[in-house]
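# Secondary and tertiary structure notes
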Amino acid sequence: MKRIVILGAAESGAGAAVLAKKEGFDVFVSDMSKIKDRYKQMLDEHGIQWEEGQHTEELILNADEIIKSPGIPDNAPMIVKVREKNIPIISEIEFAGRYTNAKMICITGSNGKTTTTSLIYHILKSAGYNVGLAGNIGHSLALQVAEGNFDYFVIELSSFQLDNMYDFKADIAVLMNITPDHLDRYNFEFQNYVDSKMRIIQNQTADDAFVFWNDDPVVAKELKKYNIKARLCPFSEFKNDAVIGYVDDNEFVIEGPVPFNMEQEELALRGKHNLYNSLAAGITADIAGVSKEQIRKGLSGFAGVEHRLENAGRVRGVDFVNDSKATNVNACWYALESMTQPTVLILGGKDKGNDYSEIFDLVKEKCIGLVFLGVDNTKLHAAFDGFGIPIADVKSMKDCVDECFKMAKPGSCVLLSPCCASFDLFKNMEDRGEQFKECVKNL
């Protein structure tokens, strides 16, 4: 019996374990951290052996194959030992893909992938498709393959997941953009991160489709390096001969045998970044065979994604916006670009090798105050102290919201768009956003 060892017992690891057990493997799960009770229960119910708080070498290094959680870096001591033993390491997505014939719609990008993934899923689900939502959002792909029978999966893929995918193929691949992110995981080499993102198109054939933002300079440069067999489906903010999706005179247009168009103001999502997300989602749904009527309904009726430019309330004339998902500088740029009010901006957290110069002009143009929320704000001070804008340092969300409210004026906006990961002060970006919303409620 082939032995599968799974490192990491959160959503992807527990799901992979259930699928591996169902497919007849000898399965063992190991997590250096404490395993959440619901995942322990899942493993126990399926008779799967597990350990927490340690990695027992003799139970791991005898594996035929390792499924690694995307959160575990390649330089982790156990991963180094696994590689020394030449044991293959794959992702949960790679493993799950072996056991389903469902059509795979896969989305990646430095920014916009969660909104685009959710929007595509919303359109297909609303149109009556038998579709699952997986990857970075929803339940693990492996668990859904083990327990369900979907015809389509809409999957958000991070660079970490793509790194350990080899034979998996996207029937429709969507690449939103590539800007610096997670450089701490890629030896601070941007090209290493770029190469990971471009894995979204690996193994595609002439029967598949590749949807991408035509105006992204990094993507444009990278496309010249690849012999892409899939049908190219580029989109742009502006009409030109190279793209099939664009905006022309405030009309949202997708070209095809039967062109699709709707007024831009009918789109549920506002802002330039959401225009790109809507174009990518509309093109993808069109390729998947969704009717024009259902695409229009889906694009106009989507409620948005939590923690992404989410309205967190208004207090005495001051608007609060939760953009906790903005964990890199480019995401913050799009958030600031969409602001129409004087803005108090909250920055800070675990820096991932950020270059803040990208937002300098927008900060100078739109910000009336900066609040740095982090354990170490040295790099933020070096970047922004010379701007002549009021700055405050805080180490809790309550203090942060209080300081922001002091700086804000009626008619202005407080924007949480931190540019950084959340792990210095919070459990994750969701925890950061929830605390922000709760503190706003308590003002």
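To start, this report covers the structure provided alongside it. (Residues numbered from 1 in each chain as written. Predicted model: local features only at pLDDT ≥ 70, side-chain atom pairs only at ≥ 80, totals over all residues. Heavy atoms only, no water.)

### Quick word on the pairing of strand 7 (residues 131–135)
For a regular strand, side-chain orientation follows a simple rule: the groups alternate between the two sheet faces. The element strand 7 is largely enclosed, with a buried count of 5 among its 5 residues. The alternating pattern of strand 7 places Val-131, Leu-133 and Gly-135 and Gly-132 and Ala-134 on opposite faces, both of which are buried. (Buried < 20%, exposed > 50% of the residue type's maximum accessible area, 1.4 Å probe, protein only. Helix = DSSP H or I, 4+ residues; strand = E, 2+ residues; numbered from the N terminus.)

### Regarding the sheet that holds strand 18 (residues 367–373)
With respect to topology, 6 strands assemble into an open sheet ordered 15-16-20-17-18-19, the strand pairing being mixed. Either end of the sheet is taken by a strand with one partner, and the two such strands are strand 15 (310–315) and strand 19 (391–394). For this sheet, the mean inter-axis angle between neighbouring strands, taken without regard to orientation, is 20 degrees. As paired strands, strand 15 and strand 16 (residues 318–322) are joined by 5 bridges and run antiparallel to one another. When the sheet's bridge partners are listed, Val-315 is paired in strand 16 with Val-318. Sitting on the sheet, helix 13 (residues 329–338) is in contact with strand 17 (343–347), strand 18 and strand 20 (413–416), with an inclination near 170 degrees to strand 17. (Pairing = 2+ DSSP bridges. Axes fitted to C-alpha atoms, helices over the stretch in contact; angles between N-to-C directions. Contact = heavy atoms within 4.5 Å.)

### A word on the sheet that holds strand 14 (residues 260–263)
The strand order across the open sheet built from 9 strands is 7-8-6-9-10-11-12-13-14, with neighbouring strands paired in mixed fashion. Of all strands in the sheet, those with a lone pairing partner are strand 7 and strand 14, marking the two edges. Taken pair by pair, the neighbouring strands of this sheet meet at an average axis angle of 20 degrees, ignoring direction. Across the sheet, helix 11 (residues 272–287) touches strand 6 (103–108), strand 9 (172–175), strand 10 (209–213), strand 11 (231–238), strand 12 (245–248) and strand 13 (251–254), and the angle it forms with strand 11 is around 150 degrees.

### Thoughts on the pattern of salt bridges
Considering all chains together, one arrives at 20 salt bridges under this definition. Among the ionic pairs, Glu-65 bridges to Lys-2, the shortest N-O distance being 4.0 Å. Of the two residues, Glu-65 sits in strand 4 (residues 65–68) while Lys-2 sits in the segment before strand 1 (3–7), which places them 63 residues apart along the sequence. Residues joined by salt bridges that share partners form a network here, namely Glu-306, Glu-310, Glu-434 and Lys-437. (Salt bridge = Lys/Arg side-chain N within 4 Å of Asp/Glu carboxyl O.)

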